[in-house]
Each structure stands twice: as structure tokens, then as C-alpha cells.
Amino acid sequence: MKNIILIVFSFFVFSCAEVYQPAVVSARKEATQIGLEIMKKGGNAYDAMIATHLALAVVHPTAGNIGGGGFFVYKDQDGTSGTLDFREMAPGNAFKDMYLDKNGNVIPDMSTLGGAAVGVPGSISAIFEIHSKFGSLPIEELFKPAIDLSENGYVVTEKQSNSLTGKLEDFIKINGDKSLYSKRYFEGDTIINIKFAETLKKISEFGPKAFYEGEIAEMIVSDVKKSGGIMTIDDLKNYKSVWRDPVKFKYKDLEIISMSLPSSGGILIGQMLKSIEDYDIKSFGHNSVEAIQLMVELERRAYADRSHFMGDPDFMNLPVYELIDKKYVNDRMKNFSWDKATPSSEVKHGNIIINESDETTHYSIIDKYGNSVSVTTTLNNSYGSKVFVEEGGFFLNNEMDDFSSKPGYPNFYGLIGSEANSIKAGKRMLSSMTPTIVLKDNKPSLIVGTPGGSTIITSVLQTILNVYEFDMDIQDAVNAPRFHHQWLPDVVIFEEGSLDKVKDSILKSKNYFVISLPIQMETGGMSPRSSIGAVDAIYVDDKGNVSTGADFRGDDYGEILK
Ligand code: DON
């Protein structure tokens, strides 16, 4: 009898479960394949997420990390969705004017380079939170591939060699010339990181306490202090990642699930898509003058709101859904004209009443049950603060630069903040990271996200529109040339490529100030960059076929388990 019940039950479960092709897209082939391997062994998307995250910390040290933070967005096969905020927190001794000299001027590099730039890291907390809520394989199995990779070494790619060489001077300045990354690496070299393997082994065996309380915590504090930082063991002990409600909204027949505060990403995507719903953007054509102009004007207004209103939700109470309300977003566009640009100097934040109370990485995963995971994680700039915890084998973030050091003073990405994003002990700095899942008929349709600092939000927006309005397949949608506007500075930046005609006609006839990449701009403008973003996405079509889009701009790689 027991057996019959079991057979009937299994049949019921099997016939109900949707069977998806498992897939992973990440910044590196090694990490993608490690995630897939975990699913081959019977692990789910959450197990794969942990193994992929740790593998990226080995092979993609510019952004993959245990010394940084990020955001995790999921849609589970049981229909629930949610997010985990594992953003870094300001140390307990942090204070509002900590990056200003006695005359009130911002001290150059202090919030970006060295120990003073480091926020309390969240990644290890997230890994164990996610594992205890959703994991199906033992944690040791999920750590093992990254440990092996660290011990056996990873091979440096051409792009990686350029990236490492570009920061060599900073590595030597901060860590001395004996440090693992304080030497020149060429394409084809193998980097072995035994110390990191040891670190991972300890955390795998003893759990998050090994990172936040034990000797690893002491190493972090000591290396941070050596280069001018203020983090304490208590800061590490007190770190907590937080389960938060996502931002959810409808765009036509789609449901979008994205990250809410302390990331501005989901809210800004919501503001822009709710407005675009009222235009026939498809008929304008992909990267046409009209489509670009509409998006630029929406970006201008959305980033003005970001700058004024947004910050850590634990320190304020912003009515998120009022900001993505149809009437509100339409009111914001009242002074929009097709004839010419609205100067940013004439665009301020909207009216909402508040009750007082150069390197990131994204990966997308789906498993055979349809569990979908969208994670963006970062050290902030390439290799973060450049502080390398020598005995632990890993870099620490410089996320403190995402706070507003001084009202009106732009951070590395040219973003300006207000009181809402001022520095306070224990506060999380405002982010632009936008890990997003799009549902169609309540099933996963698109899992998407990207690095790129302030341009993350506009890259995710353009990828969504490329798929659903401009009918591109996912790889074309990811590769298509991109542009960006963020209110201030009042410029539209374009990637080099096929947009020259559009740029010229906008520039000539409509008073837009346009810049082409690659650009080298000083602080106060946009950060130096040669391209916009590195989108990694998974698309599931109406018949359930899975395809991947791995951005050609990086070493990104997508694979489907057949
Ligand atoms: O949270 C943020 O918005 C930034 N710290 C992200 C940095 C980033 O994307 C760097 N990548 N190029």
C-alpha cells in the first residue's frame, strides 16, 4: 500500500513539475560550468548559485568576491519570490563627513582606495542564509569546486591580463610588491591561490562564524587598519543580510520582479517601464531617434528622483510604490517635448511625501524545476579598495564610495546623492544593481542583470525592451549597442558602433550633449569606461525553450544542460 501511495505521489509530482533546461550565464566559463555541474549532481538553482558565486570569487577577482556584497532575487517553483540584501554596511565608526578635510573638501581617493573605503562584507552571510532556506546539497559540496579551482589555479584571459595590469600600480601601493596580485600576469598564466583555498575550507567547515568572528575576521580588520580603515571585529560580528520584499510591477502582460532599496535599480526600472507602457515604442524602432530620446528623458527624471529620495530603507521610509505609480510617472513627463532636450537643470525630483521614521558581476541561473535566480555582486570598482587580505587570499570592496560623501559631490560613477544616502554607522549605501526576473503567465521568462555602476539600470531596461519590444533573440538583445543618461552630468553616452547617425541627428537638432565611448573623464563626470555593462541573461520562450545571452563585452559565458 505504502508503495502504491509513493508511486501515485511521484507520478503526481512528476506530471505537475515543469521541466526546464537548466542553464547558467556568468562572467567566466569556469564559474558557469561549476554551477551546471552542481545541477547535474541533482542540486537546485540555489545550490548552483552558491557554487557559481564562490567560483567567481576565484577566477574573476575583479568583482567575484567574498569580500563584497550584492543582491539576490529569486522566483521559486512554489510560486513565491523574494530578495536577499547582502549589501555591505558602513562600519560602526563611520560618520557623515568622514571623507572631508577640515575645510569641508572631499579628500581624493579616500572613499575608493585603501582601508577607509571598505564596507562590512555581506557575501558569506548570504551564502549561508540562502543555503539554509533553499539549499539541497551539503554546503561542503558547494564549496568544493571553488576550493579545487583555487588550489589548481585558473588561467588568465587576455581581457583579464589587461584589467590586472591596469591596476598593478594600485596593488603595489596598497599591498606592497610581495602580494599575490602585485606582479604582472599575462594571458595564459595560471594563478594559484592556496591561501584562498584555505579560507574557503575553514568557512565550509565552520560556517559564517569562521569569516565574521574567527581568525579570518582578525586578518580583515588588521589589513583594513594597516591601510587607513576603521572596521572592527564587532562590525563583522554584527553584519546581517536581510530578506526584503522585491519591487514587483506589471509591464503590459509581463510581471517584473526586481531589487528594491537599498538598490535604486528596481524602482527606476519600474518608473521607466510604467511610463513606456503609454508609448508605442516598438513602432519607433530599436535605437531610433524617438526610442532613444524617450528613454533618455525618462532616465533623466528617474535618476533625479534617485539622487534626492533614495537610500537605505532601514534609515528612512520611502513610499516605493508611489514612485512607480502611473500618475506620478506621467506627471514627471509633463514637460517632455519631442522637439528638444529638457535640460537637467530644469528637472528636479518629483513630489513625494516621506514620513520620517569598474566592476561588478552578474549571474543568472535556472534549474529544471524553473527555480530562477538573478544575482548581482560586487566589490564596487575593479578589485574594490585594492586591499588584498594577504593571509586570506581575497580582495575587499570599496563600496563606501556609493554613499554621498558630500551633498552635490559626484561619486566614481558621477552620481550625486542627498541626505537620504549620507554616511551613517551601520547604514547601507545606495546601489544601482538591478538583478531582475521577468515572468510571463506567472512562469520565468527572462533572468537578467549586469555590472556597470550607474549604467546598470539603463542596460537592464534596454535589454528588457530589446527582447519584448524589438523582438531580438537573447544574445542579440545583450550584444546590442547601448546608451545611457543619468540626469547629471547632462550628457548621453553612447557605445561606439552603429549609433552614429542617430547620435548626430539628436545632437544637431535637439540640443542633446552626446559623448562617444571610450571616454576618459575625470571625477565629477562619468567614470572612465570603454563600453557599457556586461549583461548575462537567460530567456525562456513561450514553449519553454531556454536560451542564454552572455555579453560579448567580457569573458562571459552561458551554457545549457542538455
Ligand atoms: O552598487 C552599485 O551600484 C555599484 N557599487 C556597482 C558597481 C559596478 O557595477 C561596477 N561595475 N562595473
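Rules of the game
Residues numbered from 1 in each chain as written. Predicted model: local features only at pLDDT ≥ 70, side-chain atom pairs only at ≥ 80, totals over all residues. Heavy atoms only, no water. Helix = DSSP H or I, 4+ residues; strand = E, 2+ residues; numbered from the N terminus. Rg over C-alpha atoms; globule rule 2.2 N^0.38 Å. Areas by Shrake-Rupley, 256 points an atom, 1.4 Å probe, with all protein chains shown as cover. Lys, Arg positive; Asp, Glu negative; His and termini not counted. Charge placed at Lys NZ, Arg CZ, Asp CG, Glu CD. Core = buried A, V, L, I, M, F, W, Y, C linked by side-chain atoms within 4.5 Å. Buried < 20%, exposed > 50% of the residue type's maximum accessible area, 1.4 Å probe, protein only. Contact = heavy atoms within 4.5 Å. Pairing = 2+ DSSP bridges. Near = heavy atom within 4 Å. Polar contact = N/O pair within 3.5 Å; in protein donor to acceptor, adjacent residues only side chain to side chain. Nonpolar A, V, L, I, M, F, W, Y, C, P; charged D, E, K, R; others polar. Salt bridge = Lys/Arg side-chain N within 4 Å of Asp/Glu carboxyl O. Phe/Tyr/Trp six-rings, centres within 6.5 Å; stacked < 30°, edge-to-face > 60°. Axes fitted to C-alpha atoms, helices over the stretch in contact; angles between N-to-C directions. pLDDT = per-residue confidence, 0-100. Parallel < 35°, antiparallel > 145°, perpendicular 65-115°, else oblique. Left-handed = near helix turned anticlockwise from the far one by under 90°.

Chemist: Explain the overall build of the protein here, please?
Modeler: Secondary structure summary: the protein contains 18 helices and 20 strands in total. Its C-alpha atoms give the protein a radius of gyration of 23 Å, within 12% of the compact-globule value 24 Å for 562 residues. Viewed in the frame of its principal axes, the protein has a C-alpha envelope of about 70 × 65 × 50 Å. Carbon and sulfur atoms form 53% of the exposed surface of the protein, whose accessible area is close to 21,400 Å². Computing the positive centroid from 57 side-chain charges and the negative centroid from 75, the protein places the two 2 Å apart.

Chemist: How should the nonpolar core be read in this particular structure?
Modeler: In a soluble, globular protein the nonpolar side chains are often hidden away together inside. In this structure, Leu273, Ile276, Ile281, Met310, Leu446 and Leu465 are the most contacted members of the largest nonpolar core, which totals 87 residues. No other element matches the 11 residues that helix α13 (residues 289-309) contributes to this core. The contacts of Leu273, once residues within four sequence positions are left out, are Phe249, Tyr251, Ile256, Leu461, Ile464 and Leu465. One finds Met49, Ile127, Leu149 and Leu561 within the second-largest nonpolar core, a separate group that totals 76 residues.

Chemist: What is the right way to look at the pairing of strand β2 (residues 69-75) in this model?
Modeler: One face of the sheet, then the other: side chains in a regular strand alternate in exactly this way. Within β2, seven of the seven residues are buried, leaving the element largely enclosed by the surrounding structure. Burial along β2 is two-sided: Gly69, Phe71, Val73 and Lys75 facing one way and Gly70, Phe72 and Tyr74 facing the other are all buried. Looking at chain direction, β2 and strand β3 (residues 81-86) are connected through six bridges and run antiparallel. The residue bridging Val73 from the neighbouring strand is Thr83, located in β3. Where β2 hands over to β3, the hairpin turn is made up of five residues, of which Gly79 adopts a positive phi near 100°.

Chemist: Explain the site of the ligand here, please?
Modeler: Around the ligand sit 16 residues, and of these Thr360, Glu399, Asp402, Ser431 and Gly453 come closest. Asn380 has a polar side-chain atom sitting 2.7 Å from a nitrogen atom of the ligand. For the ligand, whose unbound accessible area comes to 340 Å², protein coverage reaches 97%. Counting residues per element, the ones that place at least two in the shell around the ligand are β9 (359-366) and β10 (372-380). Among the residues making up the shell around the ligand, the classes are represented as four nonpolar, seven polar and five charged.

Chemist: Please clarify how the pairing of strand β1 (residues 23-26) should be interpreted in this entry.
Modeler: Burial along β1 is two-sided: Ala23 and Val25 and Val24 and Ser26, pointing in opposite directions, are all buried. The pairing of β1 with strand β20 (residues 557-560) spans four bridges and is antiparallel. Opposite Val25, over in β20, you have Gly558 as the bridge partner. Of the pairings in the sheet, the one linking β1 to β9 comprises three bridges and is antiparallel in character. Residue Val24 lies in a different strand from β9, and its bridge partner there is Ile365.

Chemist: What exactly am I supposed to notice about unusual backbone geometry here?
Modeler: Residues other than glycine predominantly adopt negative phi, and peptide bonds predominantly adopt the trans conformation. Note that the residue after Leu261, namely Pro262, is joined by a cis bond; omega there is 15°. Looking at the secondary structure, you find Pro262 in the loop between β8 (254-258) and α11 (265-276). Cis geometry is adopted by the peptide bond preceding Pro489, which originates at Leu488 and carries an omega value of -5°. Relative to the helices and strands, Pro489 resides in the loop between β15 (483-484) and β16 (492-494).

Chemist: Looking at this model, I keep getting lost on the pattern of salt bridges. Mind explaining?
Modeler: Between side chains of opposite charge, pairing is possible as soon as their charged atoms come close. Under the definition given, this model contains 30 salt bridges. Here Glu419 and Lys96 are joined by a salt bridge, their closest N and O atoms 2.9 Å apart. Given a relative accessible area of 44%, Glu419 falls into the partly exposed group. Glu419 is the salt-bridge partner of Lys424, the closest N and O atoms lying 3.9 Å from each other. What makes Lys424 partly exposed here is its relative accessible area of 37%. Counted as one network, the salt bridges with shared partners bring together Asp85, Arg244, Asp314 and Arg428.

Chemist: Could you clarify how one ought to interpret the packing of aromatic side chains in this entry?
Modeler: The tally for this structure, following the rule as stated, stands at 27 aromatic pairs. With centroids separated by 6.3 Å and ring planes inclined at 85°, the aromatic side chains of Tyr74 and Trp243 adopt a geometry described as edge-to-face. Of this pair, Tyr74 sits in strand β2 while Trp243 sits in strand β6 (residues 242-244), and the two are 169 residues apart along the sequence. Judged by its relative accessible area of 6%, Tyr74 falls in the buried class. Ring geometry for Phe211 against Phe394: centres 6.1 Å apart, planes inclined by 40°, an arrangement best described as tilted. In this structure, Phe211 and Phe394 share a single accessibility class: buried. Pairwise contacts between aromatic rings join Phe171, Tyr181, Tyr185, Tyr383, Phe388 and Phe395 into one cluster.

Chemist: Looking at this model, I keep getting lost on the sheet that holds strand β18 (residues 536-540). Mind explaining?
Modeler: Pairing between the strands of a sheet comes from backbone hydrogen bonds, and it takes one of two forms, parallel or antiparallel. Taken in spatial order, the six strands make up an open sheet running β7-β8-β13-β14-β18-β19, and their pairing is antiparallel. Where the open sheet ends on each side, the last strands, each with one partner, are β7 (247-251) and β19 (546-550). The mean inter-strand angle of the sheet, taken between neighbouring strand axes irrespective of direction, is 20°. Note that strand β14 (residues 443-448) and β18 share two bridges and pair antiparallel. Along β18, the bridge assignment pairs Ile447 with Ile538. Sheet strands in contact with α11 are β7 and β8, and its direction is about 15° off that of β7. Packing of helix α16 (residues 456-468) onto the sheet brings it into contact with β7, β8, β13 (436-440), β14 and β18, and relative to β14 it is tilted by some 135°.

Chemist: Even after reading the chapter, I still don't get the confidence of the model for the protein, so can you show me in this structure?
Modeler: Low-confidence regions, as indicated by low pLDDT, have predicted coordinates that should not be scrutinised in detail. Looking at the protein, pLDDT values average 93 and 94% of them are 70 or higher. Residue range residues 521-525 is modelled with pLDDT below 50. Its contacts to residues more than four positions away, or to other chains, number nine contacts.

Chemist: I would appreciate a short explanation of the packing of helix α3 (residues 45-59) against helix α5 (residues 139-152) in the present structure.
Modeler: Running from N to C, α3 and α5 point in directions that differ by 20°, and their axes come no closer than 9 Å. Our classification of the angle between α3 and α5 gives roughly parallel. Crossing angle aside, the handedness with which α3 passes α5 is right-handed. Along its contact with α3, which presents Asp47, Ile50, Ala51, Leu54, Ala55, Val58 and Val59, the element α5 presents Ile139, Leu142, Phe143, Ala146, Leu149 and Ser150. Classifying every residue of the contact of α3 with α5 by side-chain character gives 11 nonpolar, one polar and one charged.

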